[in-house]
Amino acid sequence: MEMPGSSPPDSDPTPRASASAASPPRSPGAEAPPAVGSGNRWPCDRAFVATFVLLAVAAVVPIWRVRFLPLLDLPNHLAAVHIWHSFDEPWTRFRDFYELSLRPAPYGAYHILTHVIAYGVGLENANRVVLSGYVLSIPAAALGWARRTRRSPWLSVLTFPLAFTLSWACGFLPFLVGVALLLAGVLALDAYLDRPSPLRGAAVALLSVGCGLSHPLILFGYYVCVAVLMLCHLPRWSRIAVALPLFAPAVALVLWQLVAFKSPMVDLRSGPRFQGVWVPWHEMLRSFPEYTLDSVSGDLDTRLFWVLLAVASLLGLSGVARRFLLGRGLPAREPAAPAGSLLDRLHRHRSLALCAAMAICYFLVPLHLARPFDWWFVSGRFSPFICFFGFLAITAPLQGRSRLLMAPAVAAALVLPLHLSEKYARFDERVAPFARMVARIPPGAEVLFLTLPPRTDESLIIEGTNHFSSWVQIMHGGFSADGWHNVGFPFTLKRRLPAPPSNRGEWFKPDVHGVAYDYVILRNERPDKPVFTAAHPSFRRIERDGAFTLYEHTR
């Protein structure tokens, strides 16, 4: 039997013609109803539009201001795209060292996007376009999710800084692209479960495949969100049943990757199939600010995290007070479940449900994995998702003067990228001699880059030049001893040159490694302790500039 004021579980929500007629008249000068309660539309808020545009422009400044964006793994990922994109260019000499391996594989979404965009804007600009898309996708998804859950669009301001996490500093580019795909996938599935259509179904299927191509951890997190969303949309059983086949292509892709795609990253040869490192929950809680918003040296970025948290807490308390003191909760809408029921409340507060699911992953997934994958920093990558859905669970309407409560968050979202861009610009200045040295090396020469202790930089929390051997490859071609040779996409290794590990340049031996190269670039070589001594007369120093020294092998 249908309950008064509710719709059947699988009926499309339709506006009620009598709603406005039944509403009590407002006296002149009375406060208008909350914006989030006006159907599925927001009134035009010019202050919000101007703020959003300003923060969007500021958010991409760090990406476009410098050439050498100091994200740890960025050079290796970009070099992998370069090998694919320029494989047939004679100057690169890639055919001497690599073979293309273009099978759909995890980590592929970043490489595919960058490879395609590079045809129009070039390799390095394509990387900037993809990273800009990632940075802007988070507040854009927040805006869409706020609209779907009938929250204030101003809450999206809180999510701008969430792009610049520890995963950003580490340069986990395939994972970062996956973050954008996961959030878009959540929006698409929620829209489909709310009102199915062929276009929305196609979006769910494509974004699910995109998550499968981006990163295994993203696919895991996405399916957790899928399960939570389906629970929140109960009892719409028929819609959930129709949605399940949409994931068939993504499931088929994963099964193929598990059975047919053999990556050297997966170690199942002997011993336990799963090994991980967990840390106590209180340590995970203590590290939460750093995992969420720490990407450069100093403590300004983590201080800004506390600003965002304080604003979110204040808004959350104001939303609770509004509900219990004034009797105003979330705006009325045709519910999927009987109004006021547990399922109805779960649907209205599905942001909190998703936040809780991401928090469970954060505390229960191991921080590091050794088998079957060798992954560093696993569970910590869920921290921005916790904040994303937690911030968007706030019910405060934020109209009129109440918008001033967002001022500290707006300031934080503006200051953080400008602060990062300053740090990046100083780093870029310090590595300018490296670019000049690579530019003066003649075509066809093989180059080895080594960074020696101390490998840190005053602007960064990571060893930002560890993978600059791949920057040499991007600029000059040839072999990079530091590439992603064990991924299996988009290339496999055919021949390699000897070199020490990228983070152990002090293990370099001129008679073992140096003889295979025409030039060697060293970072942080000590003048009182040269790498090449009188015992190595075939190596001649031809330039020293800043922290970099260039040697030529005269053979």
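Residues numbered from 1 in each chain as written. Predicted model: local features only at pLDDT ≥ 70, side-chain atom pairs only at ≥ 80, totals over all residues. Heavy atoms only, no water.

J.: How should the overall build of the protein chain be read in this particular structure?
T.: A tally of regular secondary structure across the protein chain gives 20 helices and eight strands. Across the protein chain, the fraction of contacts at a sequence separation of at least 24, relative to all contacts at a separation of at least 6, is 79%. When the accessible surface of the protein chain is summed, it comes to about 24,200 Å², and 64% of that surface belongs to carbon and sulfur atoms. (Helix = DSSP H or I, 4+ residues; strand = E, 2+ residues; numbered from the N terminus. Contact = heavy atoms within 4.5 Å. Areas by Shrake-Rupley, 256 points an atom, 1.4 Å probe, with all protein chains shown as cover.)

J.: I would appreciate a short explanation of the packing of aromatic side chains in the present structure.
T.: In this description, an aromatic ring pair is defined by two values, namely the gap between the centres and the angle between the planes. By the definition in use, this model includes 36 aromatic pairs. A centroid spacing of 6.5 Å and a plane angle of 65° characterise the contact between Tyr-291 and Tyr-362, whose relative ring orientation is edge-to-face. Residue Tyr-291 is located in helix H13 (residues 281-293), and its partner Tyr-362 is located in helix H16 (residues 350-364); the two are separated by 71 residues in the primary sequence. Both residues of the pair, Tyr-291 and Tyr-362, count as buried. (Phe/Tyr/Trp six-rings, centres within 6.5 Å; stacked < 30°, edge-to-face > 60°. Buried < 20%, exposed > 50% of the residue type's maximum accessible area, 1.4 Å probe, protein only.)

J.: For this particular structure, what's the right way to read the nonpolar core?
T.: Buried together is how nonpolar side chains tend to be arranged in soluble globular proteins. One finds Leu-158, Trp-168, Met-358, Phe-434 and Ile-521 to be the most contacted residues of the largest nonpolar core, which totals 141 residues. No other element matches the 14 residues that helix H8 (residues 173-194) contributes to this core. Other than its neighbours up to four places away in sequence, Trp-168 contacts Ile-63, Leu-69, Leu-71, Leu-131, Tyr-134, Val-135, Ala-163, Leu-176, Ser-295 and Tyr-424. (Core = buried A, V, L, I, M, F, W, Y, C linked by side-chain atoms within 4.5 Å.)

J.: I keep staring at empty space enclosed by the protein and nothing clicks. Help me out?
T.: Where empty space is left becomes clear once a probe the size of a water molecule has been rolled over the atoms. Here the structure, examined in full by the defined rule, presents five cavities of 30 Å³ or more. Considering the residues around the second largest cavity, the lining is formed by Ile-63, Val-66, Arg-67, Leu-69, Leu-74, Leu-78, Glu-124, Asn-127, Arg-128 and Trp-471. Put simply, the parts of the chain that give the lining of the second largest cavity at least two residues each are helix H4 (74-85) and helix H6 (123-148). Considering each element in turn, the lining of the second largest cavity owes the most residues, three residues, to H6. Across the lining of the second largest cavity, the residue classes break down as six nonpolar, one polar and three charged. (1 Å grid on protein atoms, 1.4 Å probe; cavity = no way out; pocket = protein on both sides within 12 Å on 5 of 7 lines; lining within 4 Å. Points joined across faces, edges and corners; volume = space filled by probe spheres on them. Nonpolar A, V, L, I, M, F, W, Y, C, P; charged D, E, K, R; others polar.)

J.: Looking at this structure, how should I read the state of the cysteines?
T.: Among covalent bonds in proteins, the disulfide is the one between the sulfur atoms of two cysteines. For the coordinates displayed, the defined rule picks out zero disulfides. The thiol of Cys-361 is not disulfide-bonded; the next cysteine sulfur, from Cys-225, is found 7.8 Å away. The exposure class assigned to Cys-361 is buried, which follows from its relative accessible area of 6%. Cysteine Cys-387 is unpaired, with the sulfur of Cys-355 as its nearest cysteine sulfur at 7.8 Å. In this structure Cys-387 comes out as buried when scored by relative accessible area, which is 6%. (Disulfide = S-S within 2.5 Å.)

J.: In this structure, what is going on with unusual backbone geometry? I would like to understand it.
T.: Cis geometry marks the peptide bond from Leu-234 to Pro-235, where omega comes out at 10°. With respect to the secondary-structure elements, Pro-235 resides in the loop between helix H10 (216-232) and helix H11 (237-243). In this model, Phe-489 is joined to Pro-490 through a cis peptide bond whose omega is 0°. The phi dihedral of Arg-93 is positive, around 60°, even though this residue is not glycine. Tracing the backbone through its elements, the reader meets Arg-93 in the loop between H4 and strand S1 (98-100). The phi torsion at Arg-150 lies on the positive side, around 65°, for a residue other than glycine. For Arg-150, the location among the structural elements is in the loop between H6 and helix H7 (166-169).

J.: Would you explain the environment of Arg-495 in this entry?
T.: Structurally, the position occupied by Arg-495 is in the loop between strand S5 (491-493) and strand S6 (519-523). Residues Arg-495 and Tyr-98 lie 397 residues apart in sequence; the distance between their C-alpha atoms is 6.9 Å. Residues within four places of Arg-495 in sequence aside, it is in contact with Asp-96, Phe-97 and Phe-479.

J.: Would you mind going over the pattern of salt bridges with me for this structure?
T.: Where charged atoms of side chains with opposite charge meet at close range, the side chains can pair. The tally for this structure, following the rule as stated, stands at 21 salt bridges. Here Asp-88 ties to Arg-95 by a salt bridge, and the two come within 2.5 Å at their closest N and O atoms. For Asp-88, a relative accessible area of 57% gives the class exposed. Its relative accessible area of 48% is what places Arg-95 among the partly exposed residues. The shortest N-O distance in the salt bridge between Arg-544 and Glu-525 comes to 3.1 Å. Here Glu-525 lies in the loop between S6 and strand S7 (539-545) and Arg-544 lies in strand S7, a separation of 19 residues in the sequence. (Salt bridge = Lys/Arg side-chain N within 4 Å of Asp/Glu carboxyl O.)

J.: Whenever I open this one, the confidence of the model for the protein chain confuses me. Can you help?
T.: The predicted coordinates ought not to be read in detail in places where the model reports low pLDDT. Of all residues in the protein chain, 87% have pLDDT values of 70 or greater, and the mean over the chain is 88. Averaged pLDDT values over the elements of the protein chain bottom out at 38 in helix H1 (residues 19-22) and peak at 98 in helix H3 (residues 61-65). Counting contacts from residues 1-39, a segment whose pLDDT is below 50, to residues more than four positions away or on other chains yields 56 contacts. (pLDDT = per-residue confidence, 0-100.)

J.: Help me out: how do you make sense of the sheet that holds strand S8 (residues 548-553) in this one?
T.: Either a parallel or an antiparallel arrangement is found when strands of a sheet pair, and the pairing is made through backbone hydrogen bonds. In space, the four strands of this open sheet follow the order S4-S6-S8-S7, with mixed pairing throughout. Of all the strands in the sheet, just strand S4 (447-451) and S7 have a single pairing partner and so form its edges. If you compare each strand with its neighbour and ignore which way they point, the axes differ by 20° on average. Pairing of S4 with S6 involves five bridges; the strand directions are parallel. Residue pairing across strands places Leu-450 opposite Leu-522, the latter belonging to S6. (Pairing = 2+ DSSP bridges. Axes fitted to C-alpha atoms, helices over the stretch in contact; angles between N-to-C directions.)

J.: What is the right way to read H10 from this model?
T.: For an α-helix the count is 3.6 residues per turn, leaving residues at separations of three or four pointing the same way. The end-to-end C-alpha distance of H10 is 25 Å, a good match for the 24 Å that 17 residues give at a rise of 1.5 Å each. With 12 of its 17 residues buried, H10 lies for the most part within the structure. If you check which residues of H10 are buried, you get Leu-217, Ile-218, Leu-219, Gly-221, Tyr-222, Val-224, Cys-225, Val-226, Val-228, Leu-229, Met-230 and Cys-232. (Expected span 1.5 Å × (residues − 1).)

J.: Please explain the environment of Thr-292 as it appears in this structure.
T.: If you trace the backbone, Thr-292 turns up in helix H13. Each C-alpha atom, one on Thr-292 and one on Thr-165, is 4.9 Å from the other, the two residues being 127 residues apart in sequence. The contacts of Thr-292, once residues within four sequence positions are left out, are Leu-162, Phe-164, Thr-165, Phe-305, Ser-383 and Cys-387. Separated by 2.8 Å, the side chain of Thr-292 and the backbone oxygen of Phe-288 make a polar contact. (Polar contact = N/O pair within 3.5 Å; in protein donor to acceptor, adjacent residues only side chain to side chain.)

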